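Residue-level structure breakdown
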Amino acid sequence: MSCRELLESLRRGGDEKVRTLWREAEEEAAKIRAEVAVRINCLRVDSTRLRSVKGDAILGEALSEASGRVRLQKLAAEKAVSERFFSSTLASLPQLREQGYSAVFEKLVLELPCLPWQLVQVNPADIVLAKKHFPQAEIVPDGKISGGVDVTAEGGLIRVVNTFEKRLERAWDDLLPILIKDVYQEVSDGTSATP
């Protein structure tokens, strides 16, 4: 499954949750803006009466406070969306096993350095594949691995984790900005930013 297909799968699976979260964040931001608008209006009335530097300072402080509150609300919403995307992506990793998985497994194995691997951890469904590629190693099933291998050599001094989970973890910092940008696009005009 390509990155684009993974993104589309995530988008389909989490669109409603993301929209709800963003709608709640926007509603909270709207409340904050309304409170600030009332406060600003009161300050403007006072400011015209007083025409003092103190009134301008209070107005600036209120604007700064409101801006900070809105920024914090957006950051909290982005963090929540990010966590949902990551957990949704992790949950969808087993789908990568559906088509041509033995070839994928072999490619992941070929990426490993040529060493006498002693311990090989794999998804329980991959034990036969692992025995084929690592006949001398101890094969250990690990239900936390959805695909790929976690290998150890030289009594544990060398370890290479080439699992779907680890690859997602490594790519996440590159994927997340794209996903967040797409969420902002969808929230602002209801269309996906990615074709």
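Right above here is the structure, for reference.
Bear in mind the structure is a predicted one, so any value in this text is a computation, not a measurement.

About the cut-offs
Residues numbered from 1 in each chain as written. Predicted model: local features only at pLDDT ≥ 70, side-chain atom pairs only at ≥ 80, totals over all residues. Heavy atoms only, no water. Salt bridge = Lys/Arg side-chain N within 4 Å of Asp/Glu carboxyl O. Helix = DSSP H or I, 4+ residues; strand = E, 2+ residues; numbered from the N terminus. Buried < 20%, exposed > 50% of the residue type's maximum accessible area, 1.4 Å probe, protein only. Pairing = 2+ DSSP bridges. Right-handed = clockwise from strand over helix to strand, strands pointing away. Phe/Tyr/Trp six-rings, centres within 6.5 Å; stacked < 30°, edge-to-face > 60°. Lys NZ or Arg CZ within 6 Å of the ring centre and 35° of its normal.

Counted under the stated rule, the structure contains eight salt bridges. Between Lys79 and Glu83 there is a salt bridge; the shortest N-O distance is 2.9 Å. On the criterion of helical spacing, the pair formed by Lys79 and Glu83 is a turn pair, its members being four residues apart in helix H2 (residues 53–92). According to the relative accessible area criterion, Glu83 is partly exposed, its value standing at 46%. Via salt bridges that share partners, Glu35, Arg39, Glu65 and Arg69 belong to a single interconnected network.

Quick look at the pairing of strand E2 (residues 138–141) now. Sheet topology places strand E1 (residues 119–122) next to E2; four bridges connect them, and they run parallel. Among the inter-strand pairings, Leu119 is bridged to a residue of E2, identified as Glu138. Handedness of the β-α-β unit built from E1, helix H4 (residues 127–133) and E2 comes out right-handed.

This part takes up the packing of aromatic side chains. Per the counting criterion, the structure on display carries three aromatic pairs. Consider the rings of Phe86 and Trp172, whose centres lie 5.0 Å apart with planes at 75 degrees: the pair is edge-to-face. Note that Phe86 is positioned in helix H2 and Trp172 in helix H5 (residues 164–189), a separation of 86 residues in sequence. On the accessibility criterion, Phe86 (25% relative accessible area) is partly exposed. Following the ring pairs from residue to residue traces out a cluster consisting of Tyr101, Phe105 and Phe164. Here the guanidinium or amino end of Arg97 rests over the ring plane of Tyr101, the centre of that ring lying 4.2 Å away.

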